[in-house]
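Listed below, chain by chain, are the residues.
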Amino acid sequence: MARYDRAITVFSPDGHLFQVEYALEAVRKGNAAVGVRGTDTIVLGVEKKSTAKLQDSRSVRKIVNLDKHIALACAGLKADARVLINRARIECQSHRLTVEDPVTVEYITRYIAGLQQKYTQSGGVRPFGLSTLIIGFDPYTGAPSLYQTDPSGTFSAWKANSTGRNSNSIREFLEKNYKETSGQETVKLAIRALLEVVESGGKNIEIAVMTKEDGLRQLEEEEIDAIVAEIEAEKAAAEAAKKAPAKDT
Amino acid sequence: MPNPCKQTPNTKEDAPSHFPSSGCSQEIPFHNSSSFFSHRKMKLDTSSLESSALTSRGIGIGAEIADAPAFQVPEVADFDGFQKAAVQMVKPAKGTTTLAFIFKEGVMVAADSRASMGGYISSQSVKKIIEINPYLLGTMAGGAADCQFWHRNLGIKCRLHELANKRRISVTGASKLLANILYSYRGMGLSVGTMIAGWDETGPGLYYVDSEGGRLKGTRFSVGSGSPYAYGVLDSGYSYDMSVEEAAELARRAIYHATFRDGASGGVASVYHVGPEGWKKLSGDDVGELHYKYYPVVPNTVEQEMVEV
């Protein structure tokens, strides 16, 4: 099999595109990212590796705006992300120019996925080593959406999803605990999911909340700490409640 | 002795761009001042036609604009004059009357059906309202072929947009697509003065798009040589709260009056209505018959009548 991973345009005998699979490996090594869709709020959260003391943490924003009503978080190679994000931002404006309408979330996801696919079928290039989580509100219907793309260029819509490190455990947690939420509940669900794999604390998590009216808002460290404290309190209360009935019998 | 530089007076198109380089010092009065430069090839500014660097690698900023075709231009002494003459020859004087207006119940679109070539009426039955798709209409003024082709092309693009995005394109988007295409062919002799009328999620929409690349959003437009007459009737009779029948009658009358006064308009006055369900053709009346409907002949009173004894 070693012969089939040099030029990505070549299939292996059993139908694999190894470079794409290696790109997925790169994604699996990237930091955890989670997205949760509520009825009127969508939340993106990413794991933040502790910043070096001398580094300006504001310059390493991991959740970015593609347009007023669309945001993106990703896991994987951050330099590739920068290129992809720039192209997506240009496409958002180009779409506004040619049809005088903002893009829908599905359109820009399709564009990003198409771009990622193009790089799996061209000569001399390697695939983008990142998976993205794209959130936004439809400019007309106002419906919230969450989409995920991966290095192979496939995309699909999700109610909640995660990518990056330990994404399987986060996804399991979400499958068990997902329900339709709105407002602050959605934020809490996202943070709870992320806390499954990340050390708790505001300085290890970056959260951004998108609403239809206010667009994207990055939460401050203190806000995140406060919510984490709430979650811990709830967890403790649940633990206590579990123990209490046992005593009664 | 033969004068190597003597040329018979000719039109601008025939003027060769290269002269014998030496010995041509005599005055050649029938060429205009640009003949001074005609011994070398005309340097034309084709920067707007070239693909910009941005389109390499597939970044499509206004992809239509960057895809403007490049073709060889004729080498004449006075290219600008030649181009003007060519455009004048190609561009018919938009001998037609079309109009469209938005009112409470949607958009009313009406047009005549005469095609003229100078003083010759080549057809009385031209379809000037083009059905782009079941909810979008376009009107034809200018070059018939240009309008027909580019409207069909727009129909294709609208359908592709629907398939890709699972929703209909807005009137804004459709008119913008057409305007971008026409802009990229600007100066190449296309003659299109069209109105795009339709109904989309935001309600009724009406845009005027022309081959100069202009695009205007509005509630009342009339295009063509008969438009001044149509505007007179349309503007004086317009009210937003008309019913469909009233609006149709207003449109019909406006077209009729334009055909009465303008020689290049005539034939049949077609009236279409665009509502939330799409467009529907309401009527197509011969303007001659409309004339007698609006102004019936009053028989003269006979003072004395001869009767058979």
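Everything below is about the structure shown above.
Criteria and thresholds
Residues numbered from 1 in each chain as written. Chains lettered and ligands numbered in written order. Predicted model: local features only at pLDDT ≥ 70, side-chain atom pairs only at ≥ 80, totals over all residues. Heavy atoms only, no water. Helix = DSSP H or I, 4+ residues; strand = E, 2+ residues; numbered from the N terminus. Buried < 20%, exposed > 50% of the residue type's maximum accessible area, 1.4 Å probe, protein only. Areas by Shrake-Rupley, 256 points an atom, 1.4 Å probe, with all protein chains shown as cover. Rg over C-alpha atoms; globule rule 2.2 N^0.38 Å. Pairing = 2+ DSSP bridges. Axes fitted to C-alpha atoms, helices over the stretch in contact; angles between N-to-C directions. Contact = heavy atoms within 4.5 Å. Lys, Arg positive; Asp, Glu negative; His and termini not counted. Salt bridge = Lys/Arg side-chain N within 4 Å of Asp/Glu carboxyl O. Polar contact = N/O pair within 3.5 Å; in protein donor to acceptor, adjacent residues only side chain to side chain. Core = buried A, V, L, I, M, F, W, Y, C linked by side-chain atoms within 4.5 Å. Buried area = accessible area lost by both parts, 1.4 Å probe. Nonpolar A, V, L, I, M, F, W, Y, C, P; charged D, E, K, R; others polar. Parallel < 35°, antiparallel > 145°, perpendicular 65-115°, else oblique. Left-handed = near helix turned anticlockwise from the far one by under 90°. Expected span 1.5 Å × (residues − 1). Patch = residues over 30% accessible without salt bridge, like charges linked within 9 Å, V, L, I, M, F, W, Y side chains within 5 Å. Charge placed at Lys NZ, Arg CZ, Asp CG, Glu CD.

A.B. asks: Explain the overall build of chain B residue by residue, including any values.
C.D. replies: The secondary structure content of chain B amounts to seven helices and 12 strands. Classification of the 309 residues of chain B by burial places 44% in the buried group. Here chain B has roughly 17500 Å² of accessible surface; of this, 55% comes from carbon and sulfur atoms.

A.B. asks: Account for the overall build of chain A, with residues named and values stated.
C.D. replies: When helices and strands are tallied, chain A shows six helices and 10 strands. Expected size for 249 residues packed as a compact globule is a radius of gyration near 18 Å; at 20 Å, chain A falls within 12% of this value. If one aligns the C-alpha atoms of chain A with their principal axes, the spans along those axes are about 70 × 50 × 40 Å. For chain A, with 249 residues in total, the buried portion stands at 50%. Accessible surface for chain A amounts to roughly 12400 Å². Of this, 51% is attributable to carbon and sulfur atoms.

A.B. asks: Requested: an account of the sheet that holds strand 3 (residues 63-67) of chain A, with residues and values cited.
C.D. replies: All names here are of chain A. As summarised here, the arrangement of the five strands in space is 3-4-5-6-7, forming an open sheet in which the pairing is antiparallel. Sheet topology places strand 3 and strand 7 (155-157) at the edges, where each strand pairs with a single neighbour. Pairwise comparison of adjacent strand axes, ignoring direction, gives a mean angle of 25° for this sheet. Strands in contact with helix 2 (residues 78-99) are strand 3, strand 4 (70-76) and strand 5 (130-137); relative to strand 3, the strand with the most contacts, it is inclined by about 25°.

A.B. asks: Now, about the side chain of D200(B): what can you tell me, with residues and values included?
C.D. replies: All names here are of chain B. As for its placement among the helices and strands, D200 is situated in strand 7 (residues 193-200). No salt bridge is formed by the buried D200; the nearest opposite charge belongs to K217, separated by 7.8 Å. Only 2.6 Å separates the side chain of D200 from the side chain of T202, close enough to count as a polar contact. Contacts of D200, omitting those with residues within four sequence positions, involve S170, V171 and T172.

A.B. asks: I'd love a proper account of the nonpolar core, names of residues and values included.
C.D. replies: All names here are of chain A. Within the largest apolar cluster, 25 residues are counted, with the highest numbers of intra-cluster contacts made by I170, L174, V187, I191, I205 and I207. Every element with two or more residues in this core is listed here: strand 1 (33-37), helix 4 (167-177), helix 5 (184-195), strand 9 (205-211) and helix 6 (221-248). In terms of residues, this core owes the most to one element, helix 5, which gives seven residues.

A.B. asks: Could you give me a rundown of the interface of chain A and chain B, with the residues and numbers involved?
C.D. replies: Tallying the contact residues gives 16 residues for chain A and 18 residues for chain B. For the pairing of chain A and chain B, the buried interface totals around 1500 Å² over both sides, and the portion due to carbon and sulfur atoms is 49%. On the surface where chain A and chain B come into contact, there are four salt bridges. The salt bridge involving R215(B) is made with E100(A); its shortest N-O contact spans 2.5 Å. Elements that contribute at least two residues to the side of chain A that touches chain B include exactly helix 2 and helix 3 (105-118) of chain A. Looking at which element gives the most residues to the side of chain A that touches chain B, the answer is helix 2 of chain A, with six residues. Of the residues that constitute the side of chain A that touches chain B, the class distribution is seven nonpolar, three polar and six charged.

A.B. asks: Explain the pairing of strand 2 (residues 41-47) of chain A to me, using residue names and the numbers behind them.
C.D. replies: Residues and elements named next belong to chain A. With seven of seven residues buried, strand 2 lies mostly within the body of the structure. Because side chains alternate across strand 2, one face comprises the buried residues T41, V43, G45 and E47, and the other comprises I42, L44 and V46, equally buried. Taking the residues between adjacent antiparallel strands as the criterion, strand 1 and strand 2 are bridged by three residues. Note: strand 2 against strand 9, seven bridges, orientation antiparallel. Looking at the pairing, I42 lines up with M210 of strand 9.

A.B. asks: Before we move on, could you go through the sheet that holds strand 8 (residues 203-210) of chain B and cite the residues and values that matter?
C.D. replies: Residues and elements named next belong to chain B. In spatial order, the strands read 5-6-7-8-9; together these five strands make up an open sheet with antiparallel pairing. Of all strands in the sheet, those with a lone pairing partner are strand 5 (129-133) and strand 9 (215-217), marking the two edges. Taking each pair of neighbouring strands and ignoring which way they run, the sheet shows an average axis angle of 20°. Sheet topology note: the strand 7/strand 8 ladder contains eight bridges and is antiparallel.

A.B. asks: Please give an account of the packing of helix 4 of chain A against helix 5 of chain A that cites residues and values.
C.D. replies: Residue and element names in this part refer to chain A. Close contact between helix 4 and helix 5 brings their axes to 9 Å; oriented N to C, the two are set at 140°. In terms of axis orientation, helix 4 runs oblique to helix 5. Crossing angle aside, the handedness with which helix 4 passes helix 5 is right-handed. Here helix 4 contributes I170, F173, L174 and N177 to the contact with helix 5, which in turn contributes L189, R192, A193 and L194. Class assignment of the residues belonging to the contact of helix 4 with helix 5 gives a composition of six nonpolar, one polar and one charged.

A.B. asks: Any details on helix 4 (residues 171-184) of chain B? Residues and values, ideally.
C.D. replies: Across its 14 residues, helix 4 of chain B extends 20 Å between first and last C-alpha, which sits within 8% of the 20 Å expected from 1.5 Å per residue. Most of helix 4 of chain B is tucked away, with 13 of its 14 residues classed as buried.

A.B. asks: Report on a negative patch on the surface, specifying residues and quantitative values.
C.D. replies: On the surface, E220(A), E221(A), E222(A) and D225(A) cluster together into a patch of negative charge. Tracing the backbone through its elements, the reader meets D225(A) in helix 6.

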